[in-house]
Amino acid sequence: QAGEWAYTEKLKEHFMSPKNIMQGENTDEFDGVGMEGNLQCGDQMMVVIKVDRDTEVITDCQWKTYGCASAIASTSILSEMVKGKTLDQAFHISPKEVAQELGGLPDNKIHCSVLGDKALRAAINNYYVRNGMDDKVKQEQA
Ligand code: FES
Ligand code: FES
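The structure presented is a predicted model; accordingly, all values stated were derived computationally and were not measured.

Draft legend 1. Highlighting the sheet that holds strand S1 (residues 32-37). A sheet is described by the order of its strands in space; here 3 strands give the open sequence S1-S2-S3, paired in antiparallel fashion. Edge positions in the sheet fall to S1 and strand S3 (57-65), since each of these pairs with one other strand and no more. Ignoring which end each strand starts from, the neighbouring axes of this sheet average 20 degrees apart. Relative to S3, strand S2 (residues 44-52) runs antiparallel, the two sharing 8 bridges. Its bridge partner lying in S3, Met-46 is registered against Lys-64.

Draft legend 2. Expanded view of helix H2 (residues 69-82). For H2, which comprises 14 residues, the first-to-last C-alpha distance of 20 Å matches the rise-based estimate of 20 Å (1.5 Å per residue) to within 8%. Of all the 14 residues making up H2, 12 are buried; the element is thus mostly covered by neighbouring parts of the structure. Ala-69, Ser-70, Ala-71, Ile-72, Ala-73, Ser-74, Thr-75, Ser-76, Ile-77, Leu-78, Ser-79 and Val-82 are the residues of H2 that are buried. On its buried face, H2 sits against helix H1 (9-16), S2, S3, helix H3 (87-91), helix H4 (95-101) and helix H5 (110-130). Of the residues flanking the end of H2, it is Gly-84, one or two places downstream, whose phi is positive at about 90 degrees.

Draft legend 3. Main features of H5. With 21 residues, H5 extends 31 Å between its outermost C-alpha atoms, agreeing within 8% with the 30 Å of an ideal straight helix rising 1.5 Å per residue. One or two residues past the end of H5 sits Gly-132, with phi positive at roughly 70 degrees.

What counts, and where the lines are drawn
- Residues numbered from 1 in each chain as written.
- Chains lettered and ligands numbered in written order.
- Predicted model: local features only at pLDDT ≥ 70, side-chain atom pairs only at ≥ 80, totals over all residues.
- Pairing = 2+ DSSP bridges.
- Helix = DSSP H or I, 4+ residues; strand = E, 2+ residues; numbered from the N terminus.
- Axes fitted to C-alpha atoms, helices over the stretch in contact; angles between N-to-C directions.
- Expected span 1.5 Å × (residues − 1).
- Buried ≥ 20, exposed ≤ 12 C-beta atoms within 10 Å, placed from the backbone.
- Contact = placed C-beta atoms within 7 Å.

Spelled out as structure tokens, the structure:
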């Protein structure tokens, strides 16, 4: 339809004013760093987290991407969703939940939206490895 966007208001809002964008390239102040890329298109995503060691609660989540509107909006809302969650809870947030929070995503954009949660899971695993908890490293879920 002419003059109609395929995106929800919520998605457009997060695309226009994304939350928790990482400033600069310095990852040193973070406790976990995750990178994810889609080999076919070359899009990349970085997610970094700060973690309270005693409770394993995520206190900060920032990100940066060179992907599209769906990747940006999904990761923006995801970065808000994970704050205050434990690493384990955050690891199990599904792409479906993220899409629901955005009020839906175009089908052909789902593969872009998963860059964020994949990078988040990589960051969580990175935190475990850095802290000698290799036994907690979990494999990517479907
Ligand atoms: Fe490349 Fe969506 S991230 S088109
Ligand atoms: Fe690259 Fe969607 S086109 S992740």
